Amino acid sequence: MTTYVNTIKTKPFDGQKPGTSGLRKKVTVFQQPHYLENFVQSIFDALGGVAGKALVLGGDGRYHNRQAVQVILKMAAASGAAKVIVGQGGILSTPAASCVIRKYQTFGGIILSASHNPGGPDGDFGIKYNIDNGGPAPEKITDAIYACTLSITEYQIADAADHDIDTVGSGELAGMTVEVIDSVADYAELMQELFDFAAIRRWFAAGHRMRFDGLSAVSGPYATHILEGLLGAPAGTVVNGVPLEDFGGHHPDPNPAHATELIDCMNAADAPDFGAASDGDADRNMIVGRNLVVTPSDSLAIIAANATLVPGYARGVAGVARSMPTSCAVDRVAKALGIPCFETPTGWKFFGNLLDAGLATLCGEESYGTGSDHVREKDGVWAVLFWLNLLAATNKSVTQLVEAHWAQFGRNYYSRHDYEGIDTDAANGLMAALREKIKTLIGTTLAGKTVQLADDFAYDDPVDGSHSGKQGVRVVFADGSRVVYRLSGTGTEGATLRVYLERFEADPARHALDTQLALADLIALSHELAGIKQHTGRETPTVVT
Ligand code: VG1
Ligand code: CO
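None of the values given here were measured: they were computed from a predicted structure. (Residues numbered from 1 in each chain as written. Chains lettered and ligands numbered in written order. Predicted model: local features only at pLDDT ≥ 70, side-chain atom pairs only at ≥ 80, totals over all residues. Heavy atoms only, no water.)

### Looking at the overall build of the protein
Counting its secondary structure elements, the protein contains 18 helices and 27 strands. Taking 2.2 N^0.38 as the reference for a compact globule, 545 residues should give roughly 24 Å; the C-alpha atoms of the protein span a radius of gyration of 23 Å, in line with that estimate. Relative to its full complement of 545 residues, the protein shows a buried share of 59%. Nonlocal contacts in the protein, meaning residues at least 24 apart in sequence, comprise 72% of its contacts between residues at least 6 apart. Split by element, the accessible area of the protein, about 19,800 Å² in all, is 50% carbon and sulfur. Placing the 44 positive and 62 negative side-chain charges of the protein at their respective mean positions leaves the two points 4 Å apart. (Helix = DSSP H or I, 4+ residues; strand = E, 2+ residues; numbered from the N terminus. Rg over C-alpha atoms; globule rule 2.2 N^0.38 Å. Buried < 20%, exposed > 50% of the residue type's maximum accessible area, 1.4 Å probe, protein only. Contact = heavy atoms within 4.5 Å. Areas by Shrake-Rupley, 256 points an atom, 1.4 Å probe, with all protein chains shown as cover. Lys, Arg positive; Asp, Glu negative; His and termini not counted. Charge placed at Lys NZ, Arg CZ, Asp CG, Glu CD.)

### A closer look at the domain arrangement of the protein
You can read the domains of the protein as domain 1 (4-183), domain 2 (187-409) and domain 3 (411-544). Just the C-alpha atoms count here: the centres of domain 1 and domain 2 sit 28 Å apart. Taken together, the 35 residues of domain 1 in the interface contact 32 residues of domain 2. Across the domain 1 to domain 2 interface the summed buried area is about 2,500 Å²; carbon plus sulfur atoms make up 57%. In this assembly, domain 1 and domain 2 are joined by 2 salt bridges. For lysine 103, the salt bridge goes to glutamate 189, with nearest N and O atoms at 3.2 Å. Counting across the interface, domain 1 meets domain 2 through 16 residue pairs in polar contact (both at pLDDT 80 or more). When residues of the side of domain 1 that touches domain 2 are traced back to their parent elements, those giving at least two are helix 4 (94-103) and strand 6 (124-130). For the side of domain 1 that touches domain 2, the residue count by class is 11 nonpolar, 18 polar and 6 charged. (Domains from an automatic or database assignment. Buried area = accessible area lost by both parts, 1.4 Å probe. Salt bridge = Lys/Arg side-chain N within 4 Å of Asp/Glu carboxyl O. Polar contact = N/O pair within 3.5 Å; in protein donor to acceptor, adjacent residues only side chain to side chain. Nonpolar A, V, L, I, M, F, W, Y, C, P; charged D, E, K, R; others polar.)

### Some points on the site of ligand 1
Within the structure, ligand 1 sits among 20 residues, and Thr20, Ser115, His116, Ser367 and Thr490 are positioned closest to it. One of the side-chain nitrogen or oxygen atoms of glutamate 365 is found 2.7 Å away from an oxygen atom of ligand 1. Considered class by class, the residues forming the shell around ligand 1 number no nonpolar, 10 polar and 10 charged. (Near = heavy atom within 4 Å.)

Set out below in structure tokens:
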């Protein structure tokens, strides 16, 4: 068979700059002729070509996933790639893609997802590149990709029929091997190496109940196979478990504001013992007990403190890492364990070097992201299995584990206030003014609190020495409480201001306060300090988590 490679003339598009986690835009933007192709060719060019290489390809199944898979397969073939391993139906969760890249030692992988952003024809689509360690490309690569998007003049694509991506097995597309794999199998195998499946099976067999809400996104097949299949949880444990192109209208963001059905169920009189949800691409997790949502920052701390109860971590934890805005709860655990705690900018790409170097075993972000060195992405189903393993190993409830943790380490009251869809210029103006203001803040008193540190967070990677500046304005007070401000790098409409609030409380008698009340002083101060209303016109956040 003769293979035809078409070279298509193209022109750069504005704004193909990867954000916190890849390039995210409206589906309609991605549907423009050449838009996806330009970005994919720029990935290949930034990598110095992919001739002879193997890649992994899959996505969260959202609208436009299948079309994009076909385009990328044909472009990989035209660029001389030897092989692409693709998840059946084009489906791979972000952590599963990371797992497959590592297991089959491929050159890298392309993940199609806009994660927690809504899907459907009017929703968002996204694409990101992961390197051979299975993790998100570091900034020097995403910068190089962006540079290529600015100077692109042509791309290559094979003139071939669409490949059958629904049948597992090996095939050929324009001279390139396409291996369609079961989307779940490799991931499920890895989970069985880490967790005590027998103990969790006994926990379910004893009559404990859980509800896992897949929010009609990609975690469903993974959760169903592992929880209901391998662990013997009753059918119906996983709800909204079939991935839909528009997520069934769900906003696949596992937090109390968006996963309301799960929260209502866990607050009901006959609530299950354990509730959990995951996001669009299954890298986030929300952990819920009866009448209790565990904050992601607490979840990371509790996982770290109890890690040796889980077989895969029985050897102990070398170190922990958290993004800067994540609460300092895990820092206290690290101190008690005598292990290092690293503070990184927001986004999982900053954890990769620490994990590769063996400096950190566990990582987490306040945005419902937790993970470990088993892959190089945050991992929603992994976090849920970790909690199940803890419940089974201790025979305690979620609430008992959380309260015991607070009693031992103190409680870090924590909340994030998001102001979504604000005018971009207003948001930039607010941040610019704040950056000026913090220059003279240290040592002053605000609402009775002395400012101990006020800066724009910058990070020097301890492994490769790379520097990342302007990662968020933080104001830290002498009593350890903090307010952090940054702009989202994942949104597709206007700007989103995130305000992170934290206050430590050592006294167990004061651990049962309502979070928003416990933070009321800081919330008021956060408005005043940044002039949120003056700059944005907003008096209240759109989402509080
Ligand atoms: C958000 C979160 C960040 C997370 C990122 C990707 O980024 O705050 O912690 O790593 O989303 O998560 P931002 O720039 O909007 O604050 V996912 O699950 O959307 O890939
Ligand atoms: Co995600």
